[in-house]
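# Results of the structural survey
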Amino acid sequence: MTKILAIESSCDETAVAIIEDAKKILASVVATQIDVHKKYGGVIPEIASRIHIENISIVIQECLEKANLKIEDVDAIAFTQGPGLVGSLHVGVQAAKTLAWAFQKPLVPVHHIAGHIYANNLVTDMKFPLMALVVSGGHTELVYMKDEWSFEVVGTTQDDAIGEAFDKVGRVLNLPYPGGVYIDKLSAQGKNIYRLPKPKPEKELDFSFSGLKSGVLQFIKRCERNNETFTPEDLACSFQETAISCLLERADKALDQYDTRMLVLAGGVAANSCLRRRVQEMIADHHLDVECVIPPLSCCTDNAAMIGVAGTIAYEHGVRASADVTANPSLDIEA
Ligand code: KG4
Ligand code: ZN
């Protein structure tokens, strides 16, 4: 049995988990900083790294206590090497290096997006070739995995990530930060009645969300200029439906072009109720031979269990970091 202790600190959650055989969560602790960053309407990197420093030892200790284990009991230490905020990543990397050195454990570097994708292994056995639709605050990508631990980015955003667009639209609708979940809730009471721009990048599998985001801003400004009112619920719903259509049109094309057994959702925006419903409709309508996996809500947003699962697969593939490893804010998943 392989037990991995994993550390995730790429943005504003200090998270530690212990995973057995890439399947079982023995313990998972997430200390979120959202309440602090909420006041500023976004993550302040300097504050994030300072809070990581305050939290990291406590979260490691709490996780070991919950699992009723000692560091001596784990086989390796996995950590998020990147991408993310450099100061935030640095705290997790240093903690992982210190534990590995002090307890003579192998160090396993993990790409944050590989973690989001492998969260699905907690739900089901992942089947390859696999297509992952990665949708988070920092990423919007189609990642094709021909085999276990092989990553090819076949589509990416040319501007904003989808989560970023949700959060910016949340801000103009005066919703708390991060706006994604509040737009999701507001949309449930609205109708898709406002026509918004749907940018189409030249590359068939790429995404673009900045035109849609600006479209919402201009719509609000136009209403103000003309002394017209609009229904926030309907605007939230129209934005959400348009954004999810942009995503799924590309995912649909990707499944046409690549031999795929399984489609998985990954990342914070995978918690979106409209995406979760409509991706199943798309599979039922066009790709009945593809198995569709949607992670439980608890595995969608940042956590260390996902880094532990990906870390176990990486460990089994012989991936190791040396003692002089550093955080890499622009780490490439294909490298
Ligand atoms: O994966 P994640 O926790 O962090 C990154 O790696 O970026 O994703 C956070 C993003 C935020 O933009 C947040 O607004 C979005 O996920 N999000 C949602 C929902 N829940 C979280 N977006 C739309 N609908 C939701 N229900
Ligand atoms: Zn993430």
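Structure shown above.
Thresholds applied
Residue positions within a chain follow its written sequence, with the count starting from 1. Throughout, the order in which chains and ligands are written sets their labels, letters from A for the former and numbers from 1 for the latter. A pLDDT threshold of at least 70 governs which residues receive local features in this predicted model, and a stricter bar of 80 or more applies before side-chain atom pairs are shown or counted, although totals over entire chains, interfaces and linings include all residues. Where side-chain values are given, they derive from all heavy atoms of the structure, hydrogens and water being excluded. A 1.4 Å probe that fits but cannot get out identifies a cavity on a 1 Å grid over protein atoms alone, an open set with protein on both sides within 12 Å along at least five of seven lines counts as a pocket, and a residue lines either if it has an atom within 4 Å of a point. Grid points are joined across faces, edges and corners, and a volume is the space filled by probe spheres set on the points. Per the convention used, a helix needs a DSSP run of H or I reaching at least four residues, while a strand needs a run of E reaching at least two, with both numbered from the N terminus. Throughout this entry, Asp, Glu, Lys and Arg are counted as charged residues, while Ala, Val, Leu, Ile, Met, Phe, Trp, Tyr, Cys and Pro are counted as nonpolar. The remaining residues, Gly among them, count as polar. Domain delimitation follows an automatic or database domain assignment. Patch definition: residues with relative accessible area over 30% and no salt bridge; like charges joined within 9 Å; nonpolar side chains (Val, Leu, Ile, Met, Phe, Trp, Tyr) joined within 5 Å. Computed with the Shrake-Rupley method and a 1.4 Å probe, the accessible areas treat only the protein chains shown as cover for residues. Salt bridges are defined by distance alone: a side-chain nitrogen of Lys or Arg within 4 Å of a carboxyl oxygen of Asp or Glu. Positive charges are assigned to Lys and Arg, negative charges to Asp and Glu, while His and the chain termini are left out of the count. Where a charge lies is defined by one atom per residue type: Lys uses NZ, Arg uses CZ, Asp uses CG and Glu uses CD.

Quantified by volume, the largest pocket comes out at close to 1300 Å³. As for the largest pocket, its lining consists of 42 residues, and the residues nearest its centre are Gly137, Asp167, Tyr177, Pro178 and Thr301. Those elements that place two or more of their residues in the lining of the largest pocket are β3 (24-32), α1 (34-38), α4 (112-118), α5 (162-172) and α6 (180-187). Counting residues per element, the lining of the largest pocket draws most heavily on α5, which supplies 6 residues. Here the lining of the largest pocket is built from residues that sort into 14 nonpolar, 17 polar and 11 charged. Shared between two domains, the lining of the largest pocket takes at least three residues from each, and those domains are domain 1 (3-117 + 299-316) and domain 2 (125-294). Approximately 230 Å³ is the volume found for the second largest pocket.

With that settled, the discussion passes to a negative patch on the surface. On the surface, a cluster of negative charge is contributed by Asp21, Asp147, Glu148 and Glu316. Inspection of the secondary structure puts Glu316 in helix α11 (residues 305-316).

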